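# Fold and geometry: a report
The residues making up each chain are set out below.
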Amino acid sequence: MPALRDSLTLPAFSTTNRVFMAPMTRMRSAQPGDVPTDLMSEYYTQRAGAGLIVTEGSQISPQGKGYFATPGIHTDEQIAGWRRITDAVHDKGGKIALQLWHVGRVTHSVFQGGGPGVSASAVPFRGTTTIQGLDGELVTAPCPTPRALTVEELPGIVEDYRRATVNARSAGFDMVEIHGANGYLLQQFMSASSNQRDDEYGGSIDNRARFPLEVVDAVVDAWDAAHVGMRISPMIKFGGLDDSDGLEMGLHIASELNRRELGYLHLCEPDWADGPELDDDFRIKLREAFNGVIIAAGNYTATKSARVLDAGWADAIAFGRPFIANPDLPHRLFNDTPLNELRPELIYGGGATGYTDYPALTD
Ligand SMILES: Cc1cc2nc3c(=O)[nH]c(=O)nc-3n(C[C@H](O)[C@H](O)[C@H](O)COP(=O)(O)O)c2cc1C
């Protein structure tokens, strides 16, 4: 039975263990310009003991931005900033994948030149995003009703994903991960609750999956299938989605990715964000649909990891919040030592406090 401490062979490279770091937005890029910083480099380098780090979501274009100070991968300065990070992680023996992000309707007019965001349909997201208030502090703000993308606009966004992939390669990443989860643009196309189109991009499962799969094909074309992973979150409630056929869509996407022999499938389980717990039946079907590397994430402990790895339903486990608070999480899990407590009020924005000041056991 594979264990968290075992190495794993992916199509593009091997990892030293199966404790991966889940993508987590921390809103600390340099402003203006959304440029990755030296502090971000320190944060990721502290966590280089992960089998694979998946970075925070990084916008593929200015339009893809939805929160204050998230980093981008569409300018030369951003590529140079990420390059310093990938070099530092590699120097520590780590591996790092960039998460490619377009938020769609989960945005604010301050990031969109005063206009609304874009989505599959003009269906509002009734939640909020995070912007900078007049006093410089972070505040939550409602998202405007998005504008439905025209068919003619879609190739431009596909091209943004392609260019972002080329940029990620030149920034030295080991892979890219397409963010198809958590209610952002690609899942807004997948979900019947946000996609009410009556053209070839709406209606049936095939049609709703069309745009996300066009993105996958462009990203694969810009690199190769082995260096591309995709994250999906069937049944997630995050982002205002309520998917009646989310599991079916998840299995459809998984089998399409299997056909394309993608580097991995990353399952973002819904129960960390008010969604239901995934049942084992879905895990079994997902394993049948995708026979490459599956990463599972969401509320994992050592015990839950062992159960899912033992059953063969996943090959690696991505940890989110535990990795924020424990830079040496793999070491702690392997040795069954206590974990630091997360300080949730310091997750987003700010500087080193609550970011790079969590102690490792060796400190
Ligand atoms: C602060 C925070 C930021 C997150 N940002 C992202 C993100 O940028 N991209 C993404 O796919 N998921 C994001 N997630 C979801 C995590 O990757 C992960 O799936 C979730 O935290 C559940 O794992 P955990 O229980 O180990 O924390 C975020 C979660 C948290 C807590």
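Residues numbered from 1 in each chain as written. Predicted model: local features only at pLDDT ≥ 70, side-chain atom pairs only at ≥ 80, totals over all residues. Heavy atoms only, no water.

## Thoughts on the UniProt feature "domain: NADH:flavin oxidoreductase/NADH oxidase N-terminal" (unreviewed entry) in the protein
Keep this limit in mind: UniProt positions are given in the numbering used here, feature names are shortened, and annotations may be inferred rather than shown by experiment. Each helix corresponds to a stretch of at least 4 residues labelled H or I by DSSP, and each strand to a stretch of at least 2 residues labelled E; elements are numbered beginning at the N terminus.
This chain's UniProt record puts "domain: NADH:flavin oxidoreductase/NADH oxidase N-terminal" (unreviewed entry) on residues 16–339. The distance separating the terminal C-alpha atoms of residues 16–339 is 21 Å; by composition the span is 34% helix and 17% strand.

## Structural notes on the pairing of strand 11 (residues 228–232)
Note the threshold: Throughout, exposure labels follow a simple rule: accessible area from a 1.4 Å probe, protein chains only, divided by the maximum for the residue type, with under 20% read as buried, over 50% as exposed, and the rest as partly exposed. Strands were regarded as paired on the criterion that DSSP finds at least two bridges between them. The handedness of a crossover follows from its direction of travel: if, with the strands pointing away from the viewer, the path from the first strand over the helix to the second runs clockwise, the crossover is right-handed.
Along strand 11, 5 of the 5 residues are buried, which leaves the element largely enclosed by surrounding structure. Burial along strand 11 is two-sided: the face carrying V228, M230 and I232 and the face carrying G229 and R231 are both buried. The pairing of strand 10 (residues 175–180) with strand 11 spans 5 bridges and is classified as parallel. Among the inter-strand pairings, G180 is bridged to a residue of strand 11, identified as I232. As paired strands, strand 11 and strand 12 (residues 264–268) are joined by 4 bridges and run parallel to one another. Bridge pairing in strand 12 places I232 opposite L267. Regarding the hand of the β-α-β motif, the stretch spanning strand 11, helix 6 (residues 246–259) and strand 12 is right-handed.

## Details of the packing of aromatic side chains
As a reminder of what qualifies: Put simply, two rings from Phe, Tyr or Trp (the six-membered ring, in Trp's case) pair if the centres are within 6.5 Å, and we call them stacked under 30 degrees between planes, edge-to-face over 60, tilted for the rest.
Applying the stated criterion across every chain yields a total of 8 aromatic pairs. For the pair Y43 and Y355, a centre-to-centre distance of 4.2 Å together with 20° between the ring planes defines the contact as stacked. Placement of the pair is Y43 in helix 1 (residues 38–46) and Y355 in the segment after helix 10 (329–335), with a sequence separation of 312 residues. We classify Y43 as buried; its relative accessible area is 0%.

## Section: the layout of surface pockets
Threshold: Both site types are read off a 1 Å grid over the protein atoms alone. A 1.4 Å probe that fits but cannot get out defines a cavity, while an open set with protein on both sides within 12 Å along at least five of seven lines defines a pocket; lining residues have an atom within 4 Å of a point. Grid points are joined across faces, edges and corners, and a volume is the space filled by probe spheres set on the points. By the convention adopted, Pro, Cys, Tyr, Trp, Phe, Met, Ile, Leu, Val and Ala count as nonpolar, Lys, Arg, Asp and Glu as charged, and the other residues, Gly among them, as polar.
Considered as a void within the structure, the largest pocket measures approximately 800 Å³ in volume. Around the largest pocket, the lining is made up of 38 residues, and of these P23, M24, F238, W272 and Y348 lie nearest the centre. Those elements giving two or more residues to the lining of the largest pocket turn out to be strand 5 (96–101), strand 7 (128–132), strand 8 (138–142), strand 14 (316–319) and helix 9 (321–325). Split by residue class, the lining of the largest pocket holds 22 nonpolar, 13 polar and 3 charged. If you add up the space inside the second largest pocket, you get close to 170 Å³. Lining the second largest pocket we find Q46, R47, A48, G49, P327, D328, P330, H331, A360 and T362. Taken together, the residues of the lining of the second largest pocket sort by class into 4 nonpolar, 4 polar and 2 charged.

## With respect to the site of the ligand
Cut-off, in case you're wondering: Any residue with at least one heavy atom within 4 Å of a molecule or strand is counted as near it. Throughout this description, a polar contact denotes any pair of N or O atoms lying within 3.5 Å of each other; where both atoms belong to protein, one of them has to be capable of donating a hydrogen while the other can accept it, and for residues adjacent in sequence the pair is counted only when both atoms sit in side chains. Residue-level accessible areas treat just the shown protein chains as cover; the underlying method is Shrake-Rupley with a 1.4 Å probe.
Surrounding the ligand, one finds 19 residues, the nearest of these being P23, T25, R231, N299 and R321. In this structure, an oxygen atom belonging to the ligand sits 2.7 Å away from a main-chain N or O atom of P23. At 3.2 Å from a nitrogen atom of the ligand is found a side-chain nitrogen or oxygen belonging to N182. Coverage of the ligand by the protein amounts to 95% of the 600 Å² it exposes when considered alone.

## A word on helix 2 (residues 76–91)
The condition is simple: Under the convention used throughout, the expected extent of a helix is 1.5 Å for every residue step, that is, one less than its residue count. In this description, contact between two residues means that some pair of their heavy atoms is separated by no more than 4.5 Å.
Look at helix 2: 22 Å from first C-alpha to last across 16 residues, which is about the 22 Å you get at 1.5 Å a residue. Listing the buried residues of helix 2 in full gives Q78, I79, G81, W82, I85, T86, A88 and V89. Looking at the buried positions of helix 2, the neighbouring elements they touch are helix 1, strand 4 (53–59), strand 5 and helix 3 (154–170). Looking one or two residues past helix 2, G93 carries a phi angle of roughly 85°, positive in sign.

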